[in-house]
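Chain residues, written in single-letter form:
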Amino acid sequence: VFLDIDGVAIHNLSTLRHCDDPVEFPSTMDPKCVERLLGLQQKYRFKFVLSSSMRKTYKTIDEFKEEFASAGADKLVFHDNWRTPSHSKLHPGSERSLKKWTRAMGVPEEVKSTKYWRGHEIKEWLELNSTVTTYLSIDDSPDFYPLEEEQCCRIRYGLAEGGIAHTRQDWVDAAFEHNFA
């Protein structure tokens with residue numbers, strides 16, 4: 001399971017997030033969100049791969065786990081190849097944000113402009129780890145292209161509304177059932 005952190009397990013914002021506006025991200029994981037992720041991991045028996053932009057901050061998965069151990073993240077099980085490749089500091093987000101980003105960068109507004117979106121980084125990781133054939137991406141952002149919709153569990157407004165612990169559980173469970181049952 002490709003795991004974004006901001007908006008899925010970190011969510012201490014008081015206002016709704018706009019994809020194209022910068023926000024000051026909180027830095028503490030919600031133990032309830034980690035507990036929910038652990039429950040899903042135990043039920044469906046998968047390993048996590050960090051797809052969050054936070055993956056660039058940590059040299060090892062142990063550093064990441066230590067940083068968030070107080071929330072229980074040290075109990076999460078990660079794949080040996082624990083993070084997706086990262087090719088850009090930019091995170092274009094929504095289609096509206098993509099248009100703003102491509103204009104600012106002076107590049108055409110084409111699907112190719114999405115080459116740095118998380119979906120492409122996940123696809124690259126999957127090509128490098130061809131034994132992984134079943135996957136799901138959990139994220140609060142819509143930048144999944146070119147992944148198929150059924151491989152994505154989007155936690156809408158996760159930063160403002162409490163992450164995965166407070167998202168409709170039946171909807172989250174259905175995404176996991178579809179991909180791992």
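Quick note: structure is the one above.
Residues numbered from 1 in each chain as written. Predicted model: local features only at pLDDT ≥ 70, side-chain atom pairs only at ≥ 80, totals over all residues. Heavy atoms only, no water.

### Considering the overall build of the protein chain
Across its full length, the protein chain holds 6 helices and 5 strands. Counting from the amino terminus, helix and strand elements in the protein chain follow one another as β-α-β-α-β-α-α-β-β-α-α. Burial status across the protein chain gives 49% buried among its 181 residues. When contacts within the protein chain are restricted to residue pairs at least 6 apart in sequence, long-range pairs at least 24 apart make up 69% of them. (Helix = DSSP H or I, 4+ residues; strand = E, 2+ residues; numbered from the N terminus. Buried < 20%, exposed > 50% of the residue type's maximum accessible area, 1.4 Å probe, protein only. Contact = heavy atoms within 4.5 Å.)

### Remarks on the sheet that holds strand β1 (residues 2–3)
On the basis of which strands lie adjacent, the open sheet formed by 5 strands has the order β3-β2-β1-β4-β5 and parallel pairing. Single-partner strands in this sheet number two, and they are β3 (78–83) and β5 (152–154). Across 2 bridges, the pairing between strand β2 (residues 48–50) and β3 is parallel. By the bridge assignment for β3, Phe-48 is matched with Phe-78. (Pairing = 2+ DSSP bridges.)

### A look at the packing of aromatic side chains
Scanning all chains against the criterion turns up 13 aromatic pairs. Here the aromatic residues Tyr-44, Phe-46, Phe-48, Tyr-58, Phe-64, Phe-68, Phe-78, Phe-176 and Phe-180 are joined through ring pairs into a cluster of three or more. (Phe/Tyr/Trp six-rings, centres within 6.5 Å; stacked < 30°, edge-to-face > 60°.)

### Looking at the packing of helix α1 (residues 31–44) against helix α6 (residues 169–180)
Running from N to C, α1 and α6 cross one another at 30°; their axes reach a closest spacing of 11 Å. By the angle between their axes, α1 is roughly parallel relative to α6. Considering how the two elements wind past one another, α1 and α6 form a crossing that is right-handed. Residues Arg-36, Leu-40, Lys-43 and Tyr-44 of α1 touch α6, and the partners they reach there are Gln-169, Val-172, Asp-173, Phe-176, Glu-177 and Phe-180. Considered class by class, the residues forming the contact of α1 with α6 number 5 nonpolar, 1 polar and 4 charged. (Axes fitted to C-alpha atoms, helices over the stretch in contact; angles between N-to-C directions. Parallel < 35°, antiparallel > 145°, perpendicular 65-115°, else oblique. Left-handed = near helix turned anticlockwise from the far one by under 90°. Nonpolar A, V, L, I, M, F, W, Y, C, P; charged D, E, K, R; others polar.)

### Section: α6
Taking 1.5 Å of rise per residue, the 12 residues of α6 would be expected to cover 16 Å, and the 16 Å separating its terminal C-alpha atoms lies within 8% of that figure. Among the residues making up α6, those that are buried are Val-172, Ala-175, Phe-176, Asn-179 and Phe-180. Mapping the buried residues of α6 onto a view down its axis gives an arc of 100°, with all of them on the same face. (Expected span 1.5 Å × (residues − 1). Arc of directions from axis to C-beta.)

### Focus on the environment of Ile-155
Note that Ile-155 resides in the loop between β5 and α5 (158–161). Residue class for Ile-155 comes out buried when judged on its relative accessible area of 0%. If we ignore the near neighbours within four places in the chain, the residues touching Ile-155 are Gly-7, Val-8, Ile-138, Asp-139, Asp-140, Gly-163, Ile-164, Thr-167, Trp-171 and Val-172.

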